[in-house]
Amino acid sequence: MNPYVFMTDSDSDLPYRYVDELDLTMVYMPYMLNGKEYLDDLGRNGKQKEYFDNMRAGAAPVTSLLPTPVYVEYFEPCFQAGKDILFVAFSSQLSSTINNIYAAREELLAKYPERKMIVVDTLSISAPQTILILKAHELYRQGKSMEEVAEWLESNKLRAQAWFTVDDLVYLRRGGRISAVAATVGAMLDLKPIITENRAGKLVSSDKVRGRKAALRMLADKAAEFIDDPAEAMPIILQADAPEDAARLESLIRERVPGLGEIATYYVGPVIGAHCGPGTVAICFFGKERPC
């Protein structure tokens, strides 16, 4: 049995079946919808489509940080049981949440000086984080030490990539990612941004194309450009209630990248979905290092 706990958070959008199959210890992130607070249950309640239907009807979900005392509640039982912790966190560049993780660690290590806790900032969120979690957890199951797994993550985290496009720029405008003028002009010209997670762990616009079909083609082109070994790519298509576009994207990717095995398709989670909106489609994979 491993002397440490492998822990991560729900901003990975890791499907709940992996939580059950791997007996993962998860931190569940909060969001508010129509004035009520929920925790992201990774699709366990089967209401992903309903969530995006609510957004199409005008609901504006709000995300928030987990406070330090909540992280203490997650971490302390592990220390009490004599276990160390490896925490695989979502990008520090997309939220200041990681500061509360560090604060909780400092508080608990003062109380349990014999314990250890390593926090890995994956510089990822959603499916790229899922890919890193699944690959690192395989090492954990092989009995690798906490330091060895953390070192693998640090050495390989920039190989987890995401390329996505949104259907409606209003959600990026609400989140402050683009200005109101840019959103209006973009909508008038049917411009679709191609967004990626960069080397710093931020979401940045890589390109703009006109029309949805062109955007899907460019996502497939990015997969073809940056997948170097189809056998280890672990491709994941994310969709925010856009199943037909997800299927079209899979077909385009298979045309461009021979030898790919299964391409998993998951829903975008509610926390990420609050900022990108319904109709978002992404291709995520493990490949070459991020180009920007």
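Residues numbered from 1 in each chain as written. Predicted model: local features only at pLDDT ≥ 70, side-chain atom pairs only at ≥ 80, totals over all residues. Heavy atoms only, no water.

1. Topic: the overall build of the chain
Counting its regular elements, the chain contains 11 helices and 13 strands. Taking 2.2 N^0.38 as the reference for a compact globule, 292 residues should give roughly 19 Å; the C-alpha atoms of the chain span a radius of gyration of 19 Å, in line with that estimate. The principal-axis extent of the C-alpha atoms belonging to the chain is close to 60 × 45 × 35 Å. Taken across its 292 residues, the chain has 54% of its residues classed as buried. For the chain, the proportion of contacts with a sequence separation of at least 24, taken over those separated by at least 6, is 76%. If you sum the accessible surface of the chain, you get close to 12800 Å²; carbon and sulfur atoms cover 51% of it. In the chain, 33 positive and 40 negative side-chain charges are present, and the distance between their average locations comes to 5 Å. (Helix = DSSP H or I, 4+ residues; strand = E, 2+ residues; numbered from the N terminus. Rg over C-alpha atoms; globule rule 2.2 N^0.38 Å. Buried < 20%, exposed > 50% of the residue type's maximum accessible area, 1.4 Å probe, protein only. Contact = heavy atoms within 4.5 Å. Areas by Shrake-Rupley, 256 points an atom, 1.4 Å probe, with all protein chains shown as cover. Lys, Arg positive; Asp, Glu negative; His and termini not counted. Charge placed at Lys NZ, Arg CZ, Asp CG, Glu CD.)

2. Notes on unusual backbone geometry
Phi angles above zero are rare outside glycine, and Asn34 is one such case at about 50°. Tracing the backbone shows Asn34 in the loop between strand S3 (30-33) and strand S4 (36-39).

3. Looking at the pattern of salt bridges
Enumeration according to the criterion identifies 21 salt bridges in this entry. We note a salt bridge from Arg212 to Asp167, for which the minimum N-O separation is 4.0 Å. Of the two residues, Arg212 sits in helix H9 (residues 212-226) while Asp167 sits in the loop between strand S8 (160-165) and helix H7 (170-174), which places them 45 residues apart along the sequence. The class of Arg212 is buried, set by a relative accessible area of 14%. A residue is classified by how much of its surface remains accessible, and Asp167, at 39% relative accessible area, is partly exposed. Between Asp221 and Arg256 there is a salt bridge; the shortest N-O distance is 2.6 Å. Within this pair, whereas Asp221 is found in helix H9, its partner Arg256 is found in helix H10 (residues 243-256), the two being separated by 35 residues in sequence. (Salt bridge = Lys/Arg side-chain N within 4 Å of Asp/Glu carboxyl O.)

4. Here's the deal with the side chain of Asn156
Structurally, Asn156 can be placed in helix H6 (residues 146-156). Among the residues examined, Asn156 registers a relative accessible area of 12% and is labelled buried.

5. As for the sheet that holds strand S10 (residues 203-210)
Reading across from one edge, S10-S9-S8-S13-S11-S12 is the order of the 6 strands in this open sheet, with mixed pairing throughout. Strands at the two margins of the open sheet, each flanked by one partner only, are S10 and strand S12 (264-267). On average, each strand axis in the sheet is inclined to that of its neighbour by 20°, with strand direction left out of account. For strand S9 (residues 191-197) and S10, the ladder comprises 7 bridges, and the chain directions are antiparallel. Counterpart to Ile194 in the pairing with S10 is Asp207. (Pairing = 2+ DSSP bridges. Axes fitted to C-alpha atoms, helices over the stretch in contact; angles between N-to-C directions.)

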